[in-house]
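Chain residues, written in single-letter form:
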Amino acid sequence: MPGGPGGSGTGVATGSLFWAIIMSAFAAFGGILFGYDTGTIGGIMAMPDWLTTFGVYDPSASTTPGVNYYLPTANKSLVVSILSAGTFFGALLAFPMADIVGRKWGIIASCCVFCLGVGLQLDTHWATFVVGRVIAGFGVGLVSCLIPMYQSECAPKSLRGMIVGLYQLAISIGALLAAIVLNATKNEPSHLAWRTPISVQFAWAGILSGGLLLLPESPRFLVHKGREDEARRSLARLMTMPPESPEVDLELDEIATALAADRAIGQGSYIDCFRNNESKNGLRTWTGIWLQGWQQLTGINFIFYYGTTFFQSAGISNAFIITIIADVVGTAMTIVGVQLIDRMGRRRLLLIGAIGMCVCEFIIAIVGVTVGQTKTATINGVASSVAVNLTAQRVLIAFVCIYIAFYAISWGPVVWVITGEIFPLNIRAKAMSLSVASNWLWNFGIGYATPYLVDPTTTGVNGVTTAHLGVKVFFIWGSTCLGCFFFTYFFVPEVKGLSLEQIDLLYRESSILNSNNYRRQMLEEGETYVQKKKDGVYEDKE
């Protein structure tokens, strides 16, 4: 691709593909921390020993044969959603961690926080377990913001979508690993049944932090901090070229010129994140915040958090196996999805995914409320359950899997890719922290509210009144997916193939609906900040 008269426009350069992919893809391992924990808690809550340890005794309210313990709705909401409360604050504090400590060392420090939380969850006291969830969530929140940021700043532009999308693949792999471990330990008659799946998380944090020690710091962070010599060495290592090479000089010049243009119109404060200046910071920040929120509103974490118990309530005999199948589908399709990001483009995948998920969720809801309900019959004056419609069960399972497939190729990986690339360097850490915090805030709200929306009303001393929507909750998720489509159409530009600095130019020079045409023009002409500087466009702004 031509670089124009003043800069390469290639992002991290072409000769660096092998090491850039290795370095950036390895960082995606942090997604396992999130995915594994997300997939673990739903299965643990269905384990007899965990219910005996943390549940409430009530022989008339047992949902597991032979175990007269259950978890009250309030406690179920708390233990699932409290991790997201920790991740919300962790994501907000990712800004000072990223801009003061750095992207690389911030991730390592976050792993240490996560391990502390995991250790506390091995205790048998309810309060300690919940506090452990909060602290582990704090670490996950930091990692969930820092890793996409690190990947975006180190990856070649031609493969940036795939590499950052590997974070979502790691989340899917983490959920799959959790399902496998849970299925292996679910019948253990001791605390090992749930302590083993929790303890495995130490390995993920250890591998991630150990690997990061071998990787370079983000060159864009170093330029942002004025550490040009270190930035040169880091960029040279990513590009596998000598630090004094012309290619390294060109990339450093492009990064520095874009940063100078951003600083000319703002100092990078939180207020600057929401100003609709020449860089359209306000539009970009709100796009990131709402994009992460819409990802949660697709309803995907309903399956991850409550899938096992939901399948059980639907009358499916081996809900653990169905959960594994769903996780396999998610992982396999995410592998497909990350390869499509840089081929089909971000915007197109989001539009296709939103429509596909919308159709699937409405089908699930309609089948569930018509022919998929458990029926009861009165035998000798006693009400008893009659077997559910097996065909309806299979339809529900099939369309849940198709729905997960659409999510895995679109809103799963693409949202993290866009969040990591649409912000200018001057506000990137702050804007990303706000966006990812939005993800976790919605995650917390949905995780906490779902039992009250879905579970049946209980009676007695510990009774709780609920909406008892059951499968009808998919009408809500289907409607929000329709909202995802319209949001993408009007607010998400196409940035396939552009460097981070070229994305800055696109926001300055183009509209959302015309973004794809302008993107093609940029690539054909090799338009860069350095070229604009030589043409005198930014001469007075430095």
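The structure under discussion appears in the preceding block.
Residues numbered from 1 in each chain as written. Predicted model: local features only at pLDDT ≥ 70, side-chain atom pairs only at ≥ 80, totals over all residues. Heavy atoms only, no water.

A. Spotlight on helix 6 (residues 103–120). Here helix 6 is 18 residues long and its end C-alpha atoms lie 26 Å apart, about the 26 Å a rise of 1.5 Å per residue gives. Where helix 6 is concerned, the buried positions are Arg-103, Lys-104, Gly-106, Ile-107, Ile-108, Ser-110, Cys-111, Phe-114, Gly-117 and Val-118. On its buried side, helix 6 packs onto helix 2 (31–44), helix 5 (94–101), helix 7 (126–154), helix 9 (192–199), helix 10 (201–212) and helix 11 (219–224). (Helix = DSSP H or I, 4+ residues; strand = E, 2+ residues; numbered from the N terminus. Expected span 1.5 Å × (residues − 1). Buried < 20%, exposed > 50% of the residue type's maximum accessible area, 1.4 Å probe, protein only. Contact = heavy atoms within 4.5 Å.)

B. Representation of a nonpolar patch on the surface in the model. There is a patch of nonpolar side chains on the surface, built from Ile-355, Val-359, Leu-482, Phe-486, Tyr-489, Phe-490, Phe-491 and Leu-513 and spanning about 740 Å² of accessible area. Secondary-structure elements contributing two or more residues to the nonpolar patch are helix 18 (346–370) and helix 22 (473–491). Examined against the element boundaries, Phe-491 turns out to sit in helix 22. When its relative accessible area of 37% is taken as the criterion, Phe-491 is described as partly exposed. (Patch = residues over 30% accessible without salt bridge, like charges linked within 9 Å, V, L, I, M, F, W, Y side chains within 5 Å. Areas by Shrake-Rupley, 256 points an atom, 1.4 Å probe, with all protein chains shown as cover. Salt bridge = Lys/Arg side-chain N within 4 Å of Asp/Glu carboxyl O.)

C. Up close: the pattern of salt bridges. The tally for this structure, following the rule as stated, stands at 14 salt bridges. Here Glu-230 and Arg-227 are joined by a salt bridge, their closest N and O atoms 2.9 Å apart. For Arg-227, a relative accessible area of 33% translates into the label partly exposed. A salt bridge links Glu-421 to Arg-346; the shortest N-O distance between them is 2.9 Å. With Glu-421 in helix 20 (residues 413–421) and Arg-346 in helix 18, the pair connects residues that are 75 residues apart, well separated along the chain. Neither residue differs from the other here; Glu-421 and Arg-346 are each classed as buried.

D. Up close: the packing of aromatic side chains. For the structure shown, the criterion picks out 20 aromatic pairs. On the basis of an interplanar angle of 50° and a centroid distance of 5.1 Å, the ring pair of Trp-50 and Phe-54 is categorised as tilted. Of this pair, Trp-50 and Phe-54 both sit in helix 3 (residues 48–54), four residues apart, roughly one helical turn. By the burial criterion, Trp-50 is buried, and Phe-54 matches it. Arranged with centres 6.3 Å apart and planes meeting at 75°, the rings of Phe-129 and Trp-194 form a pair that is edge-to-face. Of this pair, Phe-129 sits in helix 7 while Trp-194 sits in helix 9, placing them 65 residues apart in sequence. (Phe/Tyr/Trp six-rings, centres within 6.5 Å; stacked < 30°, edge-to-face > 60°.)

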